[in-house]
Protein chains: 2
Amino acid sequence: MSIPVPPVPSFPPAEFTLTSVKGLSAAGVRAGIKASGNPDIGLLVSDKPMSCAGVFTQNHFAAAPVLLSKAHLVRSGGVVRAIIVNSGNANACTGAQGDKDALEMCERVARALECPVEQVLVCSTGVIGVKLPMDKVRTGIDLALAERASDVEAGRRFLAAIMTTDAYPKEACAQYAGATIAGVCKGAGMIEPNMATMLAFMATDWDLRAEQLKRALPGIAANTFNAVHVDTHTSTNDTLLLLSTRAVPPPNDWARHVEPVARRLAWLIARDGEGATKVTTIEVSGASSDEAAKAIARRVASSALVRTALFGNDPNWGRFTSQVGNAPQVRHARSLSCVLQGIEVFRGGEPTAFDRAAASKAMQAEDVKLELKLSDGPGKAIVMTSDLGYRYVQVNAEYTT
Amino acid sequence: MSIPVPPVPSFPPAEFTLTSVKGLSAAGVRAGIKASGNPDIGLLVSDKPMSCAGVFTQNHFAAAPVLLSKAHLVRSGGVVRAIIVNSGNANACTGAQGDKDALEMCERVARALECPVEQVLVCSTGVIGVKLPMDKVRTGIDLALAERASDVEAGRRFLAAIMTTDAYPKEACAQYAGATIAGVCKGAGMIEPNMATMLAFMATDWDLRAEQLKRALPGIAANTFNAVHVDTHTSTNDTLLLLSTRAVPPPNDWARHVEPVARRLAWLIARDGEGATKVTTIEVSGASSDEAAKAIARRVASSALVRTALFGNDPNWGRFTSQVGNAPQVRHARSLSCVLQGIEVFRGGEPTAFDRAAASKAMQAEDVKLELKLSDGPGKAIVMTSDLGYRYVQVNAEYTT
């Protein structure tokens, strides 16, 4: 069967990348882990120890590199010299050998950099349930150590080396008062065949202690990476790291300048659902609490009925509102109003007399906004989701494990 | 685009139907509510007052007929003479006029049968947000009252009149020790374009008091109708009624004989997802409690990644197990084993060396069983789900409100 493939969106590269942050060098090399021959070992190194905080998958089957990196962050007190990443193999569901292999990757980098092993973190992404080809990994690590550099091209090679099924490279940056905030990530909205692993690395040259990063990161993640609906599926390997090379004094509101970079990266992930044609941002307001708002937004975002309506540009208020009506967190459903791309389609328990053709036309956008307004309290939340079309089924049904 | 439509399954009619239950008569007529001209008013009447218990949608936007029928059951103490049903219009999100129209439907039947209005229940299914065409409804009710009969054909006409997007009529029956248990229902797995309303009517001639029915019905529903995954979507109108015409003394374990009829009806609903090619029964065992098991099973059943793998006959253990790994109810994920159609594909945190081709072949069945075994405790649960294929997207994206 011939399924039309929606055009792959392209985005201009960001002005800066990770290596634009003072003190960072990077590499991305071909180690042969991927059958395609694409780059598959990435290395990020700081001249001096940097501060680091992380957010990791909650999945019970968290992969060996996730467990090891979490342990290293604890043991090092959030002081890190390097991050070694491989793509093409997730080193997940690989038993005791997987734990050994992850440790060996860190040890090899630590030896070369002459730093304690707990100052090296490791991330893996790719197929699960298959042991790492360690001969290739070792060669790749040595090559990356030899080739690392601090120019923009080296940063872009790092980004290329962490990608798997991504349709395009994902980076974002900002500058503020002489400091740089840059980030790269990999991951596809909700559809990467196996588990849609998300890896994200953000760095700044602001002088921030690990404790400061750790306090701020959950809040930054909540409205950005954790607001991307990933098919109810957090993977075995999801990792978000925030790094500080400690070169420039930070302003008090530094986190406020990091969040837009994280939000742009998260949007790029949501947009990269195979077959996705848009990103829909669902804004719930007036819920009894922020937690209630998040639960309601997630329920709407995860509905296959809602997501197919978004794909079909169908202003189907019945599907949106009935998901709200199903949420146990809702108190006064009859006060619900529903605004789609600025058009009020539902108010006080009944549909409005809106112009369906105009609403459908307004849905044919790269960015769609669906506002769901309750009157239960001050709670609000944002979730980003991609639509569900023919290509989604093709990618996921015809992919074979 | 040309999407292959999977063959519509057909099932032989049940041996008996509702009118086989002693004391019941029925009608199904064309009132013109449906543009198609198909039957759209159904009436079920008992010679003498019967016992009745119901399970209704939890949706905050419960339709007018649902609210009224719940109130009537309370006021009548579960003593009922008739049920009036219309299809083609759900009388949901219709404001105060909707409440009036539902009441008028009950009043019209009560007047003809010379019974208190609270002894008449009403159900509606179809498009939401549109007022009922009451002229047509009145004419249809009068016609149904005039035509009602107690032969099998009258029962089948009732069934035809409650259907909406159903691909085939759904009925099931059993006989035990001189009594009949019969049921009919309408509803499609998870995909009826607007809200997949489920209406189910089950009746027995066993002599059961309303209190007995009320006590047993939630347990019967839990493993049958409430075990069908409906896209996280309970509709505005979902209604299950269990009726007793009180003619034959019941055995003590009567509920045990009702459950298989309910289970068959639920399976027929799960099988009728537009584009579905099979029903997958997900059995979770060894969870910390039955509630935990249900939550885990629902999480697996609702995953679009799992459902596309089922459509593609892909024994993708990674998708199944990582949904379990995401469930907060799981305590010891590493003990998980996963058995697909009798083939163990995952054990103790790692995939087994199973034969992928054989497992894929085994998935090409009308009934697929996926067992997920934990060792957290005695909790178990069953959920039925349908697969998600191209036709699902077509039906739901190209349907226009």
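Each chain has its residues counted from 1, running along the sequence as written. All chains are assigned letters beginning at A, and all ligands numbers beginning at 1, according to the order in which they are written. Restriction of local features to residues with pLDDT of at least 70 applies here, the model being predicted, together with a cutoff of 80 or more for giving and counting side-chain atom pairs; totals for whole chains, interfaces and linings are based on all residues.

## Points about the overall build of chain A
Piece 1. Under the DSSP-based scheme used, a helix requires at least four consecutive residues in state H or I and a strand at least two consecutive residues in state E, with every element numbered from the N terminus. Looking only at helices and strands, one finds 11 helices and 14 strands in chain A.
Piece 2. By the compact-globule yardstick of 21 Å for 401 residues, chain A fits well, its C-alpha radius of gyration being 22 Å.
Piece 3. Once the C-alpha set of chain A is aligned to its principal axes, its extents read approximately 70 × 55 × 40 Å.
Piece 4. Looking at chain A as a whole, 62% of its 401 residues qualify as buried.
Piece 5. When contacts within chain A are restricted to residue pairs at least 6 apart in sequence, those whose partners lie at least 24 apart make up 81%. To get the radius of gyration, use the C-alpha atoms; to get the globule rule, take the number of residues to the power 0.38 and multiply by 2.2 Å. Around each residue's C-beta, the other C-beta atoms within 10 Å are counted; 20 or more make the residue buried, 12 or fewer make it exposed, and counts in between make it partly exposed. All C-beta atoms are placed from the backbone. A pair of residues counts as a contact when their C-beta atoms, built from backbone coordinates, are separated by no more than 7 Å.

## Some words on helix α4 (residues 152-162) of chain A
Piece 1. Within α4(A), nine of the 11 residues are buried, which leaves it mostly tucked inside the rest of the structure.
Piece 2. The set of residues buried in α4(A) consists of A154(A), G155(A), R156(A), R157(A), F158(A), L159(A), A160(A), A161(A) and I162(A).

## Re the sheet that holds strand β12 (residues 350-351) of chain B
Piece 1. Strand pairing is assigned whenever DSSP identifies at least 2 bridges connecting the two strands. Read from one edge of the open sheet, six strands run β12-β11-β10-β13-β9-β14 (chain B), paired in mixed fashion. Looking at which strands have only one partner, the edges of the open sheet turn out to be β12 and β14 (379-386) of chain B.

## Here's the deal with the packing of helix α5 (residues 210-222) of chain A against helix α6 (residues 254-271) of chain A
All names here are of chain A.
Piece 1. The geometry of α5 relative to α6 is characterised by a closest axis approach of 10 Å and an angle of 40 degrees between their N-to-C directions. In terms of orientation, α5 lies oblique with respect to α6. Like other packed secondary-structure pairs, α5 and α6 cross with a definite hand, here right-handed. Touching A216, G219 and I220 of α5 are A255, V258, E259 and A262, all from α6. Convention adopted: a line fitted to C-alpha atoms gives each axis, helices being fitted over their contacting stretch, and angles between N-to-C directions are expressed from 0 to 180 degrees. When describing relative orientation, an angle under 35 degrees is termed roughly parallel and one over 145 degrees roughly antiparallel, while 65 to 115 degrees is termed roughly perpendicular and anything else oblique. The crossing is said to be left-handed when, going from far helix to near helix, the turn is anticlockwise and less than a right angle, and right-handed when the turn is clockwise.

## Side note on unusual backbone geometry
Piece 1. A positive phi angle is found at E114(A), which is not glycine, with a value near 55 degrees.
Piece 2. Tracing the backbone shows E114(A) in the loop between α2 (95-113) and β4 (120-127).
Piece 3. The phi dihedral of C93(B) is positive, around 55 degrees, even though this residue is not glycine.
Piece 4. With respect to the helices and strands, C93(B) occurs in the loop between β3 (79-89) and α2 (95-113).

## Looking at the domain arrangement of chain A
Piece 1. When cut into domains, chain A gives domain 1 (18-271) and domain 2 (279-398).
Piece 2. Reported domain spans reflect what an automatic or database domain assignment gives. For domain 1 of chain A and domain 2 of chain A, the distance between their C-alpha centres works out to 33 Å.

## Brief notes about the environment of K369(A)
Residues and elements named next belong to chain A.
Piece 1. Inspection of the secondary structure puts K369 in strand β13 (residues 367-373).
Piece 2. Distance from K369 to P7, taken between C-alpha atoms, is 21 Å for residues 362 residues apart in sequence.
Piece 3. In this structure K369 touches T281, E283 and Q341, once residues within four positions along its chain are discounted.

## Concerning the sheet that holds β13(A)
Residue and element names in this part refer to chain A.
Piece 1. With mixed pairing, the six strands of this open sheet are ordered in space as β12-β11-β10-β13-β9-β14. Two strands lie at the open edges of the sheet, namely β12 (350-351) and β14 (379-386), each paired on one side alone.
Piece 2. As defined by bridge partners, strand β9 (residues 279-287) adjoins β13 across seven bridges and the pair is classed as parallel. Its bridge partner lying in β13, T281 is registered against K369.
Piece 3. Against the sheet, helix α10 (residues 356-363) engages β10 (337-340), β11 (343-347) and β13, with an angle of about 120 degrees to β11.

## Focus on the nonpolar core
Piece 1. Only buried residues count toward a nonpolar core: Ala, Val, Leu, Ile, Met, Phe, Trp, Tyr and Cys, linked into one set through C-beta atoms within 7 Å. By size, the foremost hydrophobic cluster in this structure holds 262 residues, and its most contacted members are I84(A), I296(A), I84(B) and I296(B).
Piece 2. Non-local contacts of I84(B), meaning those with residues more than four positions away in its chain, are made with L43(B), M105(B), C106(B), V109(B), V120(B), V122(B) and I141(B).

## A look at the confidence of the model for chain A
Piece 1. What pLDDT expresses is the predictor's confidence in each residue, scored from 0 to 100. The predicted model of chain A averages 91 in pLDDT, with 94% of residues at 70 or higher.
Piece 2. Scored as a complex, the prediction yields pTM 0.79 and ipTM 0.71.

## Observations regarding helix α8 (residues 304-311) of chain A
All names here are of chain A.
Piece 1. A large share of α8 lies buried, amounting to eight of its eight residues.
Piece 2. For α8, the full list of buried residues reads A304, L305, V306, R307, T308, A309, L310 and F311.
Piece 3. One or two positions beyond α8, positive phi appears at N313, with a value near 50 degrees.

## Some points on the packing of helix α8 (residues 304-311) of chain B against helix α9 (residues 317-326) of chain B
Residues and elements named next belong to chain B.
Piece 1. Packing of α8 against α9 brings their axes to within 9 Å, and their N-to-C directions diverge by 155 degrees. As judged from the angle between their axes, α8 and α9 are roughly antiparallel. In terms of crossing hand, the pair formed by α8 and α9 is left-handed. Every residue of α9 that contacts α8 at L305, V306 and A309 is listed here: R319, F320 and Q323.

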